[in-house]
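Each chain, letter by letter, is given below.
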Amino acid sequence: MSRVFNFSAGPAMLPQSVIERARAEMLDWRGSGMSVMEMSHRGKEYMSIAAKAEADLRELLAIPSHYKVLFLQGGASSQFAMVPMNLLRGMGAADYINTGDWSIRAIHEAEKYCKVNVAATTKADNFTSVPSQAELKLSSDAAYVHYCPNETIRGVEFPYIPETHGIPLVADMSSTLLSRPLDVSKFGLIYAGAQKNIGPAGLCVVIVREDLIGKTIPGTPTMFDYKIHADNESMYNTPATYSWYLAGLVFEWLKELGGLSAMAAINQRKAEKLYAAIDSSGFYTNPVARECRSWMNVPFMLPREEFNEHFLKEAKEAGLTTLKGHRLLGGMRASIYNAMPEEGVDALIAFMADFARRYG
Ligand code: PMP
């Protein structure tokens, strides 16, 4: 068996020990005589798996008790609609910070339900930075403020949490949740598609302050109502049982590693050494303002486009896969989420240096 270092932006690598454990438990989960995939979500075995996953996530992020944790489906993309449907609460407008492609998707969806005030945009610098707190034009009539702390495509990250003066802050943390400790109490709602740092695709985690839910706009589908999911412990309908179980194994892995501070130290080290290799190469470039460079998604360009194909082919031969940049940007992108081992980043850096020597 040979496993590659997979730099995919998502679905992304999972910790090997998690996959091994899932394999060991595949046919017979702890004497139940069945796979987790075959269990009733209402049976006591599965209920214990689900409850343990939630408890571990709460512990990892120190989620206060007045927040609900929901394990939903429909991806982060459904949240682009669910957020306005639930959080407008009779108000007609929301503030959105636009820092790139995923912010724009969220804005377009919200425009179907309310007036969107764009509180700031970094379009003028081609989304290579984030606005400062002073640049945010927050409005007084906003039901909430939405932003994307880590823009997965361009690798741009907020180095600070926006201050919204009591207006609920909503964050699309799809590509950054669990990469480091987080003060959940600063947010009204956090959502994240699972397929990067949490587990397999098919699951979306929502963390929401209890007092914000239960006032949906008229016509909201039952499945889009956070309160319904909260009241039913994310089992109003059949949840993504296996993805939820695997997410639980990832949470246990994080706890064994020492929690999110330990994870953050590793992530910071991985990102810093990769950016240092890019900046000192005289060959590769990354256009993002230094203080806004993502720990998770590292895009980089080669000096000539015709090198790209060679780079991808040779990298693959070296066991380094899925490095092709997003189709909007070209070039390369290395996503180095929690489960990417430091050796994977070291191997990529060594390969990049060798490639630059040969093609530079
Ligand atoms: N937001 C961000 C920041 C993302 O990176 C992604 C997926 N790459 C999405 C939203 C959409 O997620 P999903 O495919 O789960 O709907």
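The residue numbering used here restarts from 1 in each chain and proceeds along that chain's sequence as written. Local features in this predicted model are restricted to residues of pLDDT 70 or higher, and side-chain atom pairs are both shown and tallied only at a pLDDT of 80 or more, whereas totals for entire chains, interfaces and linings draw on every residue. In computing side-chain properties, one takes all heavy atoms of the structure into account and sets aside hydrogens as well as water.

## Some remarks on the packing of helix 2 (residues 44-61) against helix 6 (residues 241-257)
And then number 1: For every element, the axis is a line fit to its C-alpha atoms; helices are fit only across the contacting stretch, and the angle between N-to-C directions ranges from 0 to 180 degrees. Helical segments are the DSSP runs of H or I of at least four residues, strand segments are the runs of E of at least two, and each set is numbered from the N terminus. Interhelical geometry of helix 2 versus helix 6 gives an angle of 40 degrees and a closest axis separation of 9 Å. Considered as vectors, helix 2 and helix 6 are oriented oblique to each other. The handedness of the crossing between helix 2 and helix 6 is left-handed. Residue-level inspection shows Tyr-46, Ile-49, Ala-50, Lys-52, Ala-53, Asp-56, Leu-57, Glu-59 and Leu-60 of helix 2 in contact with helix 6, the latter providing Thr-241, Trp-244, Tyr-245, Gly-248, Phe-251, Glu-252, Leu-254 and Lys-255.
And then number 2: A breakdown of the residues in the contact of helix 2 with helix 6 according to their chemical character gives 10 nonpolar, two polar and five charged. Put simply, angles under 35 degrees are roughly parallel, angles over 145 are roughly antiparallel, angles from 65 to 115 are roughly perpendicular, and the rest are oblique. Handedness of a helix crossing follows the sense of rotation of the near helix relative to the far helix, less than a right angle counterclockwise being left-handed and clockwise being right-handed. Whether two residues are in contact is decided by their heavy atoms, any of which lying within 4.5 Å being enough. Charged residues are taken to be Asp, Glu, Lys and Arg, nonpolar residues to be Ala, Val, Leu, Ile, Met, Phe, Trp, Tyr, Cys and Pro, and polar residues to be all remaining types, Gly included.

## A short note on helix 2
Because each turn of an α-helix spans 3.6 residues, side chains separated by three or four positions in sequence point in the same direction.
And then number 1: Given the number of residues in a helix, its expected span is that number minus one, multiplied by 1.5 Å. In this model, helix 2 (18 residues) spans 26 Å end to end at C-alpha, consistent with the 26 Å of a helix rising 1.5 Å per residue.
And then number 2: Throughout, exposure labels follow a simple rule: accessible area from a 1.4 Å probe, protein chains only, divided by the maximum for the residue type, with under 20% read as buried, over 50% as exposed, and the rest as partly exposed. Every buried residue belonging to helix 2 is among Tyr-46, Ile-49, Ala-50, Ala-53, Asp-56, Leu-57, Leu-60 and Leu-61, and all of these are buried. Projected onto a plane normal to the axis of helix 2, the buried residues spread over an arc of 130 degrees and lie on a single side. Those residues of helix 2 that are exposed and angled more than 90 degrees off the buried face are Lys-44 and Glu-59.
And then number 3: Among the structural elements, strand 2 (67-72), strand 10 (204-209), helix 6 and helix 7 (259-281) are those in contact with the buried residues of helix 2. Within this analysis, the arc is defined by the directions that extend from the helix axis to the C-beta atoms.

## A few points about the domain arrangement of the protein chain
And then number 1: Under the domain assignment, the protein chain is made up of domain 1 (16-257) and domain 2 (258-359).
And then number 2: Note: domain ranges come from an automatic or database domain assignment. Spacing between the C-alpha centres of domain 1 and domain 2 amounts to 27 Å.
And then number 3: With 27 residues of domain 1 at the interface, the matching set in domain 2 holds 28 residues.
And then number 4: By buried area we mean the combined loss of accessible area, with a 1.4 Å probe, across both parts when two parts are placed together. Surface buried jointly by domain 1 and domain 2 totals about 2200 Å² across both partners, of which 61% is contributed by carbon and sulfur atoms.

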